[in-house]
2 protein chains.
Amino acid sequence: MNPVIVLVRPQLGENIGKAARAMLNFGLTEMRLVTPRDGWPNPSAGPAASGADVVLERAQVFESVADAVADCPHVYATTVRKRGVTKPVVNPAEAAAEIHAAPGRCAILFGAERSGLATEDVNLARTILTVPINPQFGSLNLAQAVILVAYEWSKAQGLVQPPRTELDVPAPQAELEGLIGHFERLLGDSGYYYPPERVGVTRLTLRNLLTKPGWTEQELRTMRGVLSALEGKKRSRS
Amino acid sequence: MNPVIVLVRPQLGENIGKAARAMLNFGLTEMRLVTPRDGWPNPSAGPAASGADVVLERAQVFESVADAVADCPHVYATTVRKRGVTKPVVNPAEAAAEIHAAPGRCAILFGAERSGLATEDVNLARTILTVPINPQFGSLNLAQAVILVAYEWSKAQGLVQPPRTELDVPAPQAELEGLIGHFERLLGDSGYYYPPERVGVTRLTLRNLLTKPGWTEQELRTMRGVLSALEGKKRSRS
C-alpha cells in the first residue's frame, strides 16, 4: 500500500499543487489536507500541479490530524527541528524501507510552510522523519520535503530505471588484439619504439590505453579504418 | 571536491535562485551558468534563493558548455529522455557514489526548463544521469532535479543525522519483570485469569504486550504508579 501524504494546515494553494506534482512524479497519489488555510478546492493549486490534477481531485479534507490519520496504523511526522519528544528518528531512506516493510497503511505528516508541524501533531506520530540537511543552511520548502520522501519511497517501486541493457557491449578481446597489433605494426614501421630498452614499457602503455575505452566492434572497425587511412597516406607519400 | 552544478541556458532567474537554494540545502556551492537567457546577474534569482545568496554571488557565467566544464575530468549530463547516445546511464545514487570516488572534479549538466539538454550538450558528457520517475507522469522541474542529485550526493557528507543517541534506553529486563508481576498479581486477585485452561495463553499474551513498547525506567515507574493507584482504589472500595 502506498503511503498517504498529509499536509497539515497548508497555507498557499500553489504549494499544495507543487506537493501534488512532487508526489505524482514518484507514483504517490493519495493526499490528505488538514484545514487548509484558504479552503478547498483552491484555484491556485491546479496550475502549480503541472498536470498532477488526479492527486488534487482525489485529495480529501479533514478537520484534524487525528481524523486524517484515523485509518493508518503507522504515522510519521516530518520535521527538521529538534523537539523535546523522544521518538525514533529516521531519515527518508530509512522511512522508505520501513514503509515498504510495514503491515498496514502509513501516513506521513508535513507541516505548514512557515511554522512546520506543531508539537501536538508530532505527538500523534510514532516516528519522526528528518531530512539531514546543511547545518548552515536548512531551507527546505514543503514541496521539496515531499519530493525527497516520495523519491526515496519510489526507489523500491521499480520505476523506469536507466536503460542499462542498451549499453553497447565491448568487442571481443580478439578484435581488440587486432587493433593493438595494427597499431604496433604501424608504429614499428614508423620508428616510434625508441629507445629499444623502453619498448616493453611503451608497448604496455599503449595496450592499457587502448584497452581502457571498452570500444565496441563498430568502434574498433572505425579505428582500424583510421589506421588504414593513415597507413595508406604514409605509403602513398613514400 | 564538491561537484559543480552547471545550468545550461537557463531561462528564468527564479529557477536559477531555486536551484541555488536546492544546492545549498545539501552543501553544494559552486554553480556555473551557460548563457542564461536573461543575462546575469538576474534580479529574480535572489528572492527565489531564500538566503542562498552565497551560491548566486559566486556563480560564474560561460559562453559554452565546453568552457564551463573545461577544468572537469568528469562530466554528467542530466536528462530524462532517451537519446540516440550510447553512454553509461546512472541514477542519482549511483552518480553520487561515482562522484565521491572520482579522482578529480565532477560537473553535472542540467538543461533549460522546457527543452532540457541538447544532444550536443549530452555528447560532451561521459555519463548520463537519469532520475527514475513515474512513467505516466514525468514532470521534474529544474530545481527538483538539482535537489535530488544534491541530496544523494550529500548522503555521504556527514550532514546532521537524526539524533539517534537521544532515544531513551528501555528499562532493564528485571524492572519489566517487576511490572509484569505487578499486573499478574492484580489480575490474579481480580479473577481475570479465567477459564483456568487458558491461563497460560492469557499470561503469555499479556507478557508480549508489555514487552513490546520498550518502556524506559521512568515509563515503567509511571505504569507501576498507575497500577498502585488502581490497586489502592480497589482496596479502598472493598
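Enquirer: What is the right way to look at the pattern of salt bridges in this model?
Expert: A side chain with one charge can pair with a side chain of the opposite charge if their charged atoms come near. All names here are of chain B. Scanning all chains against the criterion turns up 20 salt bridges over all chains. One salt bridge connects Glu14 with Lys18, and the closest N-O pair in it is separated by 3.3 Å. Within this pair, Glu14 and its partner Lys18 are both found in helix α1 (residues 13-25), separated by 4 residues, close to a single helical turn. Between Arg37 and Asp38 there is a salt bridge, and its shortest N-O distance comes to 3.0 Å. A relative accessible area of 43% places Asp38 in the partly exposed class.

Enquirer: Help me understand the side chain of Lys87(B) in this model?
Expert: Topologically, Lys87(B) is positioned in the loop between β4 (74-78) and β5 (89-90). No salt bridge is formed by the buried Lys87(B). Its closest oppositely charged neighbour is Glu219(A), at 8.9 Å.

Enquirer: Looking at this structure, I do not really get the domain arrangement of chain A. What am I missing?
Expert: A common way to state how big an interface is: give the accessible area lost once the parts meet. Structurally, chain A comprises domain 1 (4-157) and domain 2 (173-237). Just the C-alpha atoms count here: the centres of domain 1 of chain A and domain 2 of chain A sit 59 Å apart.

Enquirer: Explanation requested: helix α8 (residues 173-190) of chain A in the structure shown.
Expert: Along an α-helix, residues three or four apart share an orientation, since each turn contains 3.6 residues. All names here are of chain A. The end-to-end C-alpha distance of α8 is 26 Å, a good match for the 26 Å that 18 residues give at a rise of 1.5 Å each. Among all positions in α8, only Leu176, Leu179, Ile180, His182, Phe183, Glu184, Leu186 and Leu187 are buried. Gly191 sits one or two residues past α8 and shows a positive phi near 80 degrees.

Enquirer: Please explain the environment of Val54(A) as it appears in this structure.
Expert: Looking at the element boundaries, Val54(A) is found in helix α3 (residues 53-58). Measuring from C-alpha to C-alpha, the distance between Val54(A) and Thr119(A) comes to 31 Å, with 65 residues separating the pair along the chain.

Enquirer: Teacher, can you tell me more about the sheet that holds strand β1 (residues 4-8) of chain A here?
Expert: Strand pairing in a sheet relies on backbone hydrogen bonds, with the paired strands running either antiparallel or parallel. Residues and elements named next belong to chain A. With respect to topology, 7 strands assemble into an open sheet ordered β3-β2-β1-β6-β4-β7-β5, the strand pairing being parallel. Both edges of this open sheet fall to β3 (60-62) and β5 (89-90), since each of them pairs with a single strand only. Sheet topology places β5 next to strand β7 (residues 127-129); 2 bridges connect them, and they run parallel. Bridging across to β7, Val90 finds its partner in Leu129. The sheet strands contacting helix α7 (residues 142-154) are β1, β6 (106-110) and β7, and the helix crosses β6 at an angle near 155 degrees.

Enquirer: Explain the pairing of strand β2 (residues 31-34) of chain B to me, please; I cannot follow it from the model alone.
Expert: Two faces make up the sheet, and in a regular strand the side chains alternate between them. Residues and elements named next belong to chain B. By the alternation rule, side chains of β2 split into Met31 and Leu33 and Arg32 and Val34, which are all buried. Here strand β1 (residues 4-8) pairs with β2 via 4 bridges, running parallel. Across the sheet, Leu7 pairs through a bridge with Leu33, a residue of β2. Taking the sense of rotation as the criterion, the β-α-β connection linking β1, α1 and β2 turns out right-handed. Two elements, β2 and strand β3 (residues 60-62), share 3 bridges in a ladder whose sense is parallel. Looking across to β3, one finds that Leu33 is bridged to Val61.

Enquirer: How should I be thinking about the packing of aromatic side chains in this particular structure?
Expert: Geometry of an aromatic ring pair is reported as the spacing of the ring centres plus the angle between the planes. A full pass over the atoms with the stated rule returns 5 aromatic pairs over all chains. Taking the centre distance of 5.6 Å and the plane angle of 75 degrees together, the rings of Phe26(B) and Tyr151(B) count as edge-to-face. Remark: Tyr151(B) occurs in helix α7 (residues 142-154) and Phe26(B) occurs in the loop between α1 and β2; sequence separation between them is 125 residues. No difference in accessibility class separates Phe26(B) from Tyr151(B), as the two residues are buried. With a centroid separation of 5.3 Å and an interplanar angle of 80 degrees, the aromatic rings of Tyr192(B) and Tyr193(B) are classed as edge-to-face. Residue classification places Tyr193(B) among the buried residues on the basis of a relative accessible area of 16%. An aromatic cluster is present here, built from Phe26(A), Tyr151(A), Phe26(B) and Tyr151(B) joined pairwise through their rings.

Calculation rules
Residues numbered from 1 in each chain as written. Chains lettered and ligands numbered in written order. Predicted model: local features only at pLDDT ≥ 70, side-chain atom pairs only at ≥ 80, totals over all residues. Heavy atoms only, no water. Salt bridge = Lys/Arg side-chain N within 4 Å of Asp/Glu carboxyl O. Helix = DSSP H or I, 4+ residues; strand = E, 2+ residues; numbered from the N terminus. Buried < 20%, exposed > 50% of the residue type's maximum accessible area, 1.4 Å probe, protein only. Lys, Arg positive; Asp, Glu negative; His and termini not counted. Domains from an automatic or database assignment. Expected span 1.5 Å × (residues − 1). Pairing = 2+ DSSP bridges. Contact = heavy atoms within 4.5 Å. Axes fitted to C-alpha atoms, helices over the stretch in contact; angles between N-to-C directions. Right-handed = clockwise from strand over helix to strand, strands pointing away. Phe/Tyr/Trp six-rings, centres within 6.5 Å; stacked < 30°, edge-to-face > 60°.

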